[in-house]
Amino acid sequence: MQDSRMMVMVAALERDQEAERKVVQEAIVGQGGVSVGMPYPAIPTNYIHKLNLHCMADADYVLLLIGTEYGPLTERGVGYIHTIYAAAQAARKPVLSLIYSGERSVHIDRFEQKRLDGLISSLKNGLIYYWHDADSLRDGIELGLENLFETYPSLGWVKADMQPLYQAMNPQDDKLIWQLRQRISQLEQRLKALKSADTPLVPSFVDDNSPWQARYQCNAFREGRLKPFDGVLTLDLSEVFQWASATLLSPTTETRVRALVASRLHDRVLHSAKKAWSGSHAVSDIRIDQPSFDEFKTRLRALGLISFDYHGRWQLTGEGEVIALRK
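Calculation rules
- Residues numbered from 1 in each chain as written.
- Predicted model: local features only at pLDDT ≥ 70, side-chain atom pairs only at ≥ 80, totals over all residues.
- Heavy atoms only, no water.
- Helix = DSSP H or I, 4+ residues; strand = E, 2+ residues; numbered from the N terminus.
- Buried < 20%, exposed > 50% of the residue type's maximum accessible area, 1.4 Å probe, protein only.
- Areas by Shrake-Rupley, 256 points an atom, 1.4 Å probe, with all protein chains shown as cover.
- 1 Å grid on protein atoms, 1.4 Å probe; cavity = no way out; pocket = protein on both sides within 12 Å on 5 of 7 lines; lining within 4 Å.
- Points joined across faces, edges and corners; volume = space filled by probe spheres on them.
- Nonpolar A, V, L, I, M, F, W, Y, C, P; charged D, E, K, R; others polar.
- Pairing = 2+ DSSP bridges.
- Axes fitted to C-alpha atoms, helices over the stretch in contact; angles between N-to-C directions.
- pLDDT = per-residue confidence, 0-100.
- Salt bridge = Lys/Arg side-chain N within 4 Å of Asp/Glu carboxyl O.
- Right-handed = clockwise from strand over helix to strand, strands pointing away.
- Parallel < 35°, antiparallel > 145°, perpendicular 65-115°, else oblique.
- Contact = heavy atoms within 4.5 Å.

1. Description of the overall build of the protein
Next, step 1: In terms of regular secondary structure, the protein is built from 11 helices and 11 strands.
Next, step 2: The buried share of the protein, reckoned over its 327 residues, is 40%.
Next, step 3: For the protein, the computed accessible surface area is about 18,600 Å², with 53% contributed by carbon and sulfur atoms.

Following this line, the structure appears as structure tokens:
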């Protein structure tokens, strides 16, 4: 069980965002956080806004869920979501913005659209992810929260019965202890690698030299048109391992590993898309099928190259470091 949890204040609209808010809440809990905040109804209400300001004051991070509407306005003529963003900036709260980029099923008037465009424009200087469906929304939240947690570390919230353990610990001490634990873990891994280097028992890809069939989905673009595209790439397992090995020298979430591998597939996926749909000039949202990715994970684990910590994060074993650092 985690000693602490990160509190994330979610600013969203009540109308037409029920399913999306559920995805957001599930993803936050899945990342070891706590979701707080109440959605804004279509009819302006200062009471809800005051409650959300209290939630934001206690929260470690703020998440803005931006859909197809600007939302209700305060008495000053500014949207409540926009006001929460301004308050978060004033309080120096790290902000993650999730902006809808898909097709709009409901037309909004030009004044509403102008306000929405202005809000989105102001968010582009911060951490943003675009989404168009439940899967891309979930991916954006997981990647965004991971980025927030790493870039803006926070002590989070601790259960009351755990609090005595932290009374004599200030933030500087806690950060130092965390750094020392990380360094100890790295040294232990290197020691294992040095010991393994003296033995002939280091695993190699000779034990598993069959190619990895990476099945994926993506969006291909041609002359302003978008087309979903499925494909499969035949890859050398050792090559894919080398792509991720540098990152895995320290514990890394599975979401980040998956995104890293997908990013390295971009050029090959684009080449396949051009062959399948003549004239394609770009691809985006490359997603590796879960069964294919699970095969990649289990094969590396079977070779003894990776292990998983208590939080499910990936990291190289001592044997994995030997192969990763071998020239």
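2. Topic: the layout of surface pockets
Next, step 1: There is about 880 Å³ of room inside the second largest pocket.
Next, step 2: What lines the second largest pocket is a set of 28 residues, among which D135, S136, D139, D285 and R287 lie closest to the centre.
Next, step 3: Among the elements of the structure, β5 (127-131), α5 (134-151), β7 (212-222), α8 (254-264) and β9 (282-288) are those that each provide at least two residues to the lining of the second largest pocket.
Next, step 4: A total of seven residues in the lining of the second largest pocket trace back to one element, the largest contributor, which is α5.
Next, step 5: Of the residues assigned to the lining of the second largest pocket, the class counts are 10 nonpolar, nine polar and nine charged.

3. Description of the sheet that holds strand β8 (residues 225-235)
Next, step 1: Strand order in the open sheet made by the three strands is β8-β7-β9, with antiparallel pairing throughout. The open sheet has two edge strands, β8 and β9, and neither has a second partner. Taking each pair of neighbouring strands and ignoring which way they run, the sheet shows an average axis angle of 30°.
Next, step 2: Note that β7 and β9 share five bridges and pair antiparallel. Directly across from Q217, in β9, lies its bridge partner R287.

4. Brief notes about the confidence of the model for the protein
Next, step 1: Across the protein, pLDDT averages 85, with 87% of residues at or above 70.
Next, step 2: Element-level pLDDT for the protein is lowest in helix α6 (residues 171-197), with a mean of 69, against a maximum mean of 95 in strand β3 (residues 61-66).

5. With respect to empty space enclosed by the protein
Next, step 1: Inspection of every chain in the model, using the stated rule, returns two cavities of 30 Å³ or more.
Next, step 2: Considered as a void within the structure, the second largest cavity measures approximately 40 Å³ in volume.
Next, step 3: For the second largest cavity, the full set of lining residues is L13, Q17, L65, I66, G67, E69, Y70, I81 and L119.

6. Remarks on the pattern of salt bridges
Next, step 1: A complete count under the given rule lists seven salt bridges for this structure.
Next, step 2: For E239, the salt bridge identified is with R268, shortest N-O distance 2.7 Å. Highlighted residues: E239 in helix α7 (residues 237-245) and R268 in helix α9 (residues 266-276), separated in sequence by 29 residues.
Next, step 3: Judged by its relative accessible area of 32%, R268 is partly exposed.
Next, step 4: In this structure, E295 engages R299 in a salt bridge whose closest nitrogen and oxygen atoms are separated by 3.0 Å. Of this pair, E295 and R299 both sit in helix α10 (residues 290-302), four residues apart, which is roughly one turn of the helix.
Next, step 5: Note on E295: relative accessible area 29%, which makes it partly exposed.

7. Brief notes about unusual backbone geometry
As a rule of thumb, non-glycine residues mostly have phi less than zero, and peptide bonds are mostly trans rather than cis.
Next, step 1: The backbone of R92 sits at a positive phi, close to 60°, despite the residue not being glycine.
Next, step 2: Within the fold, R92 resides in the loop between α3 (80-90) and β4 (95-100).
Next, step 3: Here the phi dihedral of E223 falls at roughly 50°; this positive angle occurs in a residue that is not glycine.
Next, step 4: Among the secondary structure elements, E223 is positioned in the loop between β7 and β8.
Next, step 5: Owing to a relative accessible area of 69%, E223 belongs among the exposed residues under this scheme.

8. Focus: the pairing of β4
Next, step 1: A large share of β4 lies buried, amounting to six of its six residues.
Next, step 2: Relative to β4, β3 runs parallel, the two sharing five bridges. Along β4, the bridge assignment pairs V62 with V95.
Next, step 3: A crossover connection joins β3 to the parallel β4 through α3; in handedness this β-α-β unit is right-handed.
Next, step 4: Alignment of β4 against β5, held across five bridges, turns out to be parallel. Residue pairing in the sheet places L98 in a bridge with Y129 of β5.

9. With respect to the packing of α8 against α10
Next, step 1: Closest axis-to-axis distance for the α8/α10 pair is 12 Å, and the angle between their directions is 105°. As judged from the angle between their axes, α8 and α10 are roughly perpendicular. Note on element contacts: α10 touches α8 through Q290, F293, F296 and K297, opposite E254, V257, R258 and V261.
Next, step 2: In the contact of α8 with α10, the residues fall into four nonpolar, one polar and three charged.

10. Remarks on the environment of E188
Next, step 1: Topologically, E188 is positioned in helix α6.
Next, step 2: For E188, a relative accessible area of 47% translates into the label partly exposed.

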